[in-house]
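What follows is each chain in one-letter form.
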Amino acid sequence: MTITSLTTPARLDDAALGLLFDDAHTTNAFTREPVDVDVVRRAYEHLRWAPTAMNTQPLRLTVLGTPESREPLVAHLSPGNQAKTLAAPLTVVAAYDPDFHEHMPVLAPFRAGMREQLAPDAELRDGLARTNGLIQLGYLILALRAEGLQVGPMAGMDAAGVDGALHAENGWRVLAVLNVGHAADPEDERAQFPRAGRLEFDQVAVVR
Ligand SMILES: Cc1cc2nc3c(=O)[nH]c(=O)nc-3n(C[C@H](O)[C@H](O)[C@H](O)COP(=O)(O)O)c2cc1C
C-alpha cells in the first residue's frame, strides 16, 4: 500500500497558491475566448477526489455552453445576475442529488446496507446531500481555477424556479450557478470588483 501523503510534495509553490487562492478573483465579465466543455470534465477529474461524508459525492452538474441553453435558467436568476450569465463563455449549474444513496453500494462498500438505511429518511438525505454538495462546490471552484479559468459564482436566484426549469426530470436541487471564462474582460471595469476586506486568522480562530 502507498501512503500518498508521504510521497507527494509537501507544499504547492507560490505561483500555484496564487492561482488557486491569493490572486483568484470573482469575475463578472469575461473576454470572448470560448471555454471548451472538456475543461469542466478535466476539473471534475480533480474535484471528485474531494472528501465527503461517507464518500456520498452528491454534487451534480449541468453544463450550459450556449446562450440559448441558458435561457430557461436566466429567467429565474436575480436581475443583477441575468445579463452576465447570458454573456459568459460557459455556465455550470451546480446542484445536489437527494437520491445520492442509490450509489452507496459502490461509493461506501465499507458501510454495508447504507442505501437501504437512508432510503426512507428523505430529510436526512437532503441535509447530507446539501452539506456535502457545498463542500464539493468549493472544490469545483478551485478545480476550475486550477485549469487557469476565472469563475463567477452566484446564489441569487429563485431556486425552486431553477429546479423546475432544469431539474424536473432528475430531481436535483440547485446550489449555485458558476459563470466561467478564461480571463476578465479588460474593457469592463465591473468585470472584477475591488477586493473587499478579509478576516484575519485571529478573528476567526481560537487556538487552545
Ligand atoms: C455561494 C456564492 C454565492 C454568490 N452569489 C452571488 C450573486 O448572486 N451575485 C453576484 O454578483 N455575486 C455573487 N457571489 C460573489 C461574491 O460576492 C464574491 O465571490 C465575494 O465577494 C468575493 O469576491 P472576490 O473573489 O472578488 O474577492 C457569490 C459567491 C458565492 C461563493
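Residues numbered from 1 in each chain as written. Predicted model: local features only at pLDDT ≥ 70, side-chain atom pairs only at ≥ 80, totals over all residues.

Please clarify how the overall build of the chain should be interpreted in this entry.
From N to C terminus, the chain includes 10 helices and 4 strands. Shown N-terminal to C-terminal, the secondary structure of the chain runs as helices and strands in the order α-α-α-β-α-α-β-α-α-α-β-α-β-α. Over its C-alpha trace the chain gives a radius of gyration of 19 Å, about what one expects of a compact globule, namely 17 Å for 208 residues. Its C-alpha atoms put the chain at 55 × 45 × 35 Å along the principal axes. (Helix = DSSP H or I, 4+ residues; strand = E, 2+ residues; numbered from the N terminus. Rg over C-alpha atoms; globule rule 2.2 N^0.38 Å.)

Even after reading the chapter, I still don't get the sheet that holds strand β1 (residues 59-64), so can you show me in this structure?
Strands belonging to one sheet form pairs held by backbone hydrogen bonds; the direction of such a pair is parallel or antiparallel. One open sheet accounts for 4 strands, arranged β1-β2-β4-β3; its pairing is antiparallel. Of all strands in the sheet, those with a lone pairing partner are β1 and β3 (150-154), marking the two edges. Geometrically, the sheet is characterised by an average inter-axis angle of 25 degrees between neighbouring strands, direction not taken into account. Alignment of strand β2 (residues 90-96) against strand β4 (residues 173-181), held across 7 bridges, turns out to be antiparallel. Within β4, the residue paired with A94 across the bridge is A176. Running over the sheet, helix α9 (residues 159-166) touches β1, β2 and β4 and is turned about 80 degrees from β4. (Pairing = 2+ DSSP bridges. Axes fitted to C-alpha atoms, helices over the stretch in contact; angles between N-to-C directions. Contact = placed C-beta atoms within 7 Å.)

Explain the site of the ligand here, please?
Near the ligand there are 13 residues, and of these T26, P153, M154, A155 and G156 occur at the shortest range. Among the residues forming the shell around the ligand, the class breakdown is 6 nonpolar, 6 polar and 1 charged. (Near = placed C-beta within 6 Å. Nonpolar A, V, L, I, M, F, W, Y, C, P; charged D, E, K, R; others polar.)

Help me understand unusual backbone geometry in this model?
Glycine aside, residues mostly have negative phi, and peptide bonds are mostly found in the trans state. In the Ramachandran plot, N55 falls in the positive-phi region, its phi being about 60 degrees despite a non-glycine side chain. Relative to the assigned elements, N55 resides in the loop between α3 (37-47) and β1. The residue Q57 is not glycine, and still its phi comes out positive at about 50 degrees. With respect to the secondary-structure elements, Q57 resides in the loop between α3 and β1.

Would you take a moment to explain the pairing of β4 for this structure?
Of all 9 residues making up β4, 7 are buried, and the element is well covered by its neighbours. Pairing of β3 with β4, which is carried by 5 bridges, proceeds in the antiparallel orientation. Bridging across to β4, P153 finds its partner in L178. (Buried ≥ 20, exposed ≤ 12 C-beta atoms within 10 Å, placed from the backbone.)

How do you make sense of helix α4 (residues 67-74) when you look at a structure like this?
One turn of an α-helix holds 3.6 residues; hence residues three or four places apart share an orientation. Buried within α4 are the following residues: R70, L73 and V74. For α4, the angular spread of buried residues about the axis comes to 85 degrees, placing them on one side. Its buried side turned inward, α4 meets β1, α5 (79-87), β2, α9 and β4. (Arc of directions from axis to C-beta.)

Geometric descriptors of this kind do not, in isolation, establish any biological role.
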